[in-house]
Amino acid sequence: MKAIGFHQNHPINHPQALQDIDLPTPELRDHDLLVEVKAVSVNPVDTKVRRGGDVPPEGVRILGWDASGIVRATGLLATRFKPGDHVWYAGDITRPGSNSELQAVDERIVGPMPTSLDFAQAASLPLTAITAWELLFDRLRIHAADPVDNNVLLVVGAAGGVGSVLTQLARVLTGATIIGTASRTESRDWVLAHGAHHVINHREPWAPQLAALGFEHVTHVVGLNESATYVPQIAAVLRPEGKFALIDDPTNLDIQPFKGKSISIHWELMFTRAMFTTDTIGRQHALLRRVAELVDRGDLKHTLTQRIDGINAASLIRAHTLVEAGNMIGKVVVARP
């Protein structure tokens, strides 16, 4: 089968950064599906692993942690899907990714694709939807917050892929007031269109902007980028006993400012359940099924903003270049024509 991968870590402008490769058809584990991949999106994790991730013993790394496609075969213990089903998923970072014609993926982290979306639109959502859902409901447990309280969720970096889904989920499924941060006019408009009640500029002091909106403090903060930089402001605007959750990779996160207010800190990595085959691994199947229902009901919008046709090295190099530029709004998807 055709796949796209790398043998060594390189910057995206290196001629061997990503290459077209021929590989054997994947062998299925008991709970696996064999999926014919129709579309993939590129996330920051793809570019991070390409630049510095390990290369497995077989000598090639296949990226791709967002996909939609068609089930072609099932493992011995797989019962949730049958050949011909349309599915979407983010996959497992410890296994070969979706940048290939065929991929083996555990059905417990796969969901039925929304019927109202095409493959490219669907591929824009799985990783960000899983991350956003787990942030809100497994880490922050915002659904368990006192419903008579004035819950205020601040989403730092709300115009990106995760923020675009998280604001929508929070608007539809919680009673919280949602405040996103954005610094450009186009990103501010995007955040408001995707569920936020208000937007503040993260490049200016937060407390005065929140006060101008009538908020003395917020109850929950989600950090999607530059979390270490924003710690003093996060600690200042969170109320005592508030909650802070983050997904980025700060090299030095000083949590001392959170102690006085007994602020709880939560990490989210959507690969954890697959990496460790946790007892809760099936929740990703369940939440993807629920997200598909929300999409088909019109409560959740896809976040595809740029489509590139042709799943090959040249197309994926273009997509990686766009993501690494650091100013993406929404998602870039590479799809089969």
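Scroll up to find the structure.
Residues numbered from 1 in each chain as written. Predicted model: local features only at pLDDT ≥ 70, side-chain atom pairs only at ≥ 80, totals over all residues. Heavy atoms only, no water.

Asks: Report on the overall build of the protein, specifying residues and quantitative values.
Replies: Looking only at helices and strands, the protein has ten helices and 16 strands in total. Relative to the 2.2 N^0.38 estimate, which gives 20 Å for 337 residues, the radius of gyration of the protein is 20 Å and therefore close to what a compact globule would have. Along the first, second and third principal axes, the C-alpha atoms of the protein reach 60 × 45 × 35 Å. Here the protein holds 337 residues, and 55% of them are scored as buried. At a minimum sequence separation of 6, the contacts of the protein that also span at least 24 residues come to 69%. Carbon together with sulfur atoms contributes 51% to the accessible area of the protein, which is approximately 14300 Å² in total. Looking at charge distribution, the protein has the averaged site of its 32 positive side-chain charges lying 2 Å from that of its 36 negative ones. (Helix = DSSP H or I, 4+ residues; strand = E, 2+ residues; numbered from the N terminus. Rg over C-alpha atoms; globule rule 2.2 N^0.38 Å. Buried < 20%, exposed > 50% of the residue type's maximum accessible area, 1.4 Å probe, protein only. Contact = heavy atoms within 4.5 Å. Areas by Shrake-Rupley, 256 points an atom, 1.4 Å probe, with all protein chains shown as cover. Lys, Arg positive; Asp, Glu negative; His and termini not counted. Charge placed at Lys NZ, Arg CZ, Asp CG, Glu CD.)

Asks: How would you sum up the sheet that holds strand β4 (residues 61–62)? Please name residues and give values.
Replies: Two orientations exist for strands paired in a sheet by backbone hydrogen bonds: parallel and antiparallel. Reading across the sheet, the three strands line up as β2-β1-β4 and stay open at both edges, with antiparallel pairing between neighbours. A strand with exactly one partner marks an edge of an open sheet, and here the two such strands are β2 (19–22) and β4. Bridge analysis of strand β1 (residues 2–6) against β2 gives four bridges, and the strand direction is antiparallel. If you follow Ala-3 over to β2, its bridge partner there is Ile-21. (Pairing = 2+ DSSP bridges.)

Asks: An account of helix α7 (residues 227–237) is requested, with residue identities and associated values reported.
Replies: Those residues of α7 that sit buried are Ser-227, Tyr-230, Val-231, Ile-234, Ala-235 and Val-237. Angularly, the buried residues of α7 cover 150° about the axis, an arc narrow enough to put them on a single face. Across α7 from its buried face, at more than 90 degrees, point the exposed residues Thr-229, Pro-232 and Ala-236. Tucked into the core, α7 has its buried residues touching β9 (152–156), α6 (206–212), β12 (218–223) and β13 (238–246). (Arc of directions from axis to C-beta.)

Asks: Describe the sheet that holds β12, with residues and values.
Replies: Judged by pairing direction, the sheet is parallel, and its six strands sit side by side in the order β11-β10-β9-β12-β13-β14 without closing on themselves. Looking along the sheet, the strands with just one partner apiece sit at the ends: β11 (198–200) and β14 (264–267). Each strand axis lies, on average, 20° off the axis of its neighbour in the sheet, ignoring direction. Both strand β10 (residues 177–181) and β11 contribute to a ladder of three bridges, which runs parallel. Paired with Gly-180 across the two strands is Val-199, which belongs to β11. (Axes fitted to C-alpha atoms, helices over the stretch in contact; angles between N-to-C directions.)

Asks: How would you explain the packing of helix α3 (residues 126–139) against helix α4 (residues 161–173) if you had to name every residue and give the values?
Replies: Running from amino to carboxyl end, α3 crosses α4 at an angle of 50°, the nearest separation of the two axes being 8 Å. The angle between α3 and α4 falls in the class oblique. Taken as a pair, α3 and α4 cross one another with a handedness that is right-handed. Across from Thr-128, Ala-129, Thr-131, Ala-132, Trp-133, Leu-135, Leu-136 and Phe-137 in α3, the residues of α4 making contact are Gly-161, Val-162, Val-165, Leu-166, Leu-169, Ala-170 and Leu-173. In terms of residue class, the contact of α3 with α4 is built from twelve nonpolar, three polar and no charged. (Parallel < 35°, antiparallel > 145°, perpendicular 65-115°, else oblique. Left-handed = near helix turned anticlockwise from the far one by under 90°. Nonpolar A, V, L, I, M, F, W, Y, C, P; charged D, E, K, R; others polar.)

Asks: Could you give me a rundown of unusual backbone geometry, with the residues and numbers involved?
Replies: A positive phi angle, close to 65°, is found at Glu-241, a residue other than glycine. The residue Glu-241 is located in strand β13 in this model. Its relative accessible area of 66% is what places Glu-241 among the exposed residues. One non-glycine residue, Thr-277, adopts positive backbone phi at about 45°.

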